[in-house]
Amino acid sequence: LDSSSFLGGLKMQAINNPSRVASGVASFIFVAGLNLLVHAHAQNHVGPEHNPTRNWPIPCRAQHSEKQKIGHMKSHKHVNGCSPTPGGVCDRFLIDDFVDAKEVATLLQIAEKGMSKGSKSVLGPTIMDVNSGWVLNAGAYQPRSIYAKGPVFSEEEYSTYRHVTERLKQSIETHFGLTALFFTAPTFITREASDAEGSWKPKTLHDEYWHPHVDKNNTEHYDYSGLVYLSTSGFDFEGGSLQFFDDPSQLDCSAMDPLAVEPPVEPGPCEVVGRPSLEIEPRAGRAVVFGSGPENPHRVTRVTKGTRFVLSFWFTCDARREMKSFLDGKMHVRFGENIDHEL
């Protein structure tokens, strides 16, 4: 709609037909408003179709300090040239074709192979830490080890997983202009599955994976988060979108802990009471990266049909928290012991 041509025409008609002019102005306002709504939706929604690399600028909020320790967690070390600072860059960015079809197939093979060693039920959420071999199924309170009877994955499978992790780390360093960054534990492959009848019901809080949260509230030394999708929305599954929330009014963080004397750590887990600021539908091979702090509360919507697979990675600026021997079959146990000793 060319506004200058439209308004020029109205000027010529005003002398002969004032009522028609009024109707035309109303139509122009309606169409212009509709165009604005469509543009806003396009800016705040990314579908499963191929997209160029996209970035949403997000300023960092204050991170947890010595006086803001969460539960038993110890203070996280601030590192100049890496750690997010208030007003700094904690963007969300998206890269399609970050992993190719062969890598996607190999990573799915890892997920299927590891998750098959345990519960026969595939409905609900299942998370697997490839490094430690621990798997937590829907409805379970304790994880089980897939390495109890020996190795499960081939060196080629480990190599693919390792290379994807290294590339993601390099992308984060480049985008945020970091001088140092370290891969940290844990790293998950997550499967969320549902049947069309909706027969599966959650039994634990872990099962309710669709609540908004902040990664840094879960693990204080997380500084940057990365997701790599292995399945595609609308083809492999329905639902399962990634949503971000910028306005506190979009979330009710008291709903999950109504008996608390003080408000819970904001945000998360929370209930959604408003529309998300950004929604991204998964696409196989797509990577999404964002700052792990309170500027990026997010959630996955509930999968209503099919099966969704995603890799989750976290990175830290604190060298003490680095997982140095990734995929050696032993480091996960040593990691927690070493940290407690060093701090």
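All values reported here derive from a predicted model rather than from experimental measurement.

Student: Would you take a moment to explain the packing of aromatic side chains for this structure?
Tutor: Two aromatic rings, taken as a pair, are described by how far apart their centres are and by the angle between their planes. For the coordinates displayed, the defined rule picks out ten aromatic pairs. Plain terms: the ring middles of Phe153 and Tyr158 are 5.9 Å apart, the flat faces sit at 80° to each other, and that makes the pair edge-to-face. Here the two residues Phe153 and Tyr158 agree in accessibility, since each one is buried. Counting every residue linked through ring pairs, the aromatic cluster contains Phe93, Phe176 and Tyr224.

Student: Where do I start with helix α4 (residues 155-176) in this structure?
Tutor: Side chains of residues three or four places apart in an α-helix project in the same direction, reflecting 3.6 residues per turn. Between its terminal C-alpha atoms α4 stretches 32 Å, which fits the 32 Å expected from 22 residues at 1.5 Å a residue. Where α4 is concerned, the buried positions are Glu157, Tyr158, Thr160, Tyr161, Val164, Thr165, Leu168, Ser171, Ile172, Glu173 and Phe176. Contacts made by the buried residues of α4 are with β3 (92-95), α3 (101-115), β7 (182-194), β8 (224-229), β14 (287-291) and β16 (303-316). The positive-phi residue at the C-terminal boundary of α4 is Gly177, with phi of around 65°.

Student: So what exactly am I meant to see when it comes to the state of the cysteines here?
Tutor: Any covalent bond linking the sulfur atoms of two cysteines counts as a disulfide. Per the stated rule, a full pass over the model turns up three disulfides. Here Cys82 connects covalently by a disulfide to Cys317, the sulfurs 2.0 Å from one another. Sign of the S-S torsion, about -75° for the bond between Cys82 and Cys317, identifies this disulfide as left-handed. Within this pair, whereas Cys82 is found in the loop between β2 (54-56) and β3, its partner Cys317 is found in the loop between β16 and α6 (331-342), the two being separated by 235 residues in sequence. Owing to a relative accessible area of 3%, Cys82 belongs among the buried residues under this scheme. In this structure Cys317 comes out as buried when scored by relative accessible area, which is 2%. Residue pairing for Cys253: its cysteine sulfur links by disulfide to Cys270, the two sulfurs lying 2.2 Å apart. Since a negative S-S torsion denotes a left-handed disulfide, the Cys253-Cys270 link at about 85° is right-handed. Taken together, the residues Cys253 in the loop between β11 (251-252) and β12 (271-272) and Cys270 in the loop between β11 and β12 connect sequence positions 17 residues apart. With its bonded cysteines labelled in order along the sequence, the protein chain shows the pairing 1-3, 2-6, 4-5.

Definitions and cut-offs
- Residues numbered from 1 in each chain as written.
- Predicted model: local features only at pLDDT ≥ 70, side-chain atom pairs only at ≥ 80, totals over all residues.
- Heavy atoms only, no water.
- Phe/Tyr/Trp six-rings, centres within 6.5 Å; stacked < 30°, edge-to-face > 60°.
- Buried < 20%, exposed > 50% of the residue type's maximum accessible area, 1.4 Å probe, protein only.
- Helix = DSSP H or I, 4+ residues; strand = E, 2+ residues; numbered from the N terminus.
- Expected span 1.5 Å × (residues − 1).
- Contact = heavy atoms within 4.5 Å.
- Disulfide = S-S within 2.5 Å.

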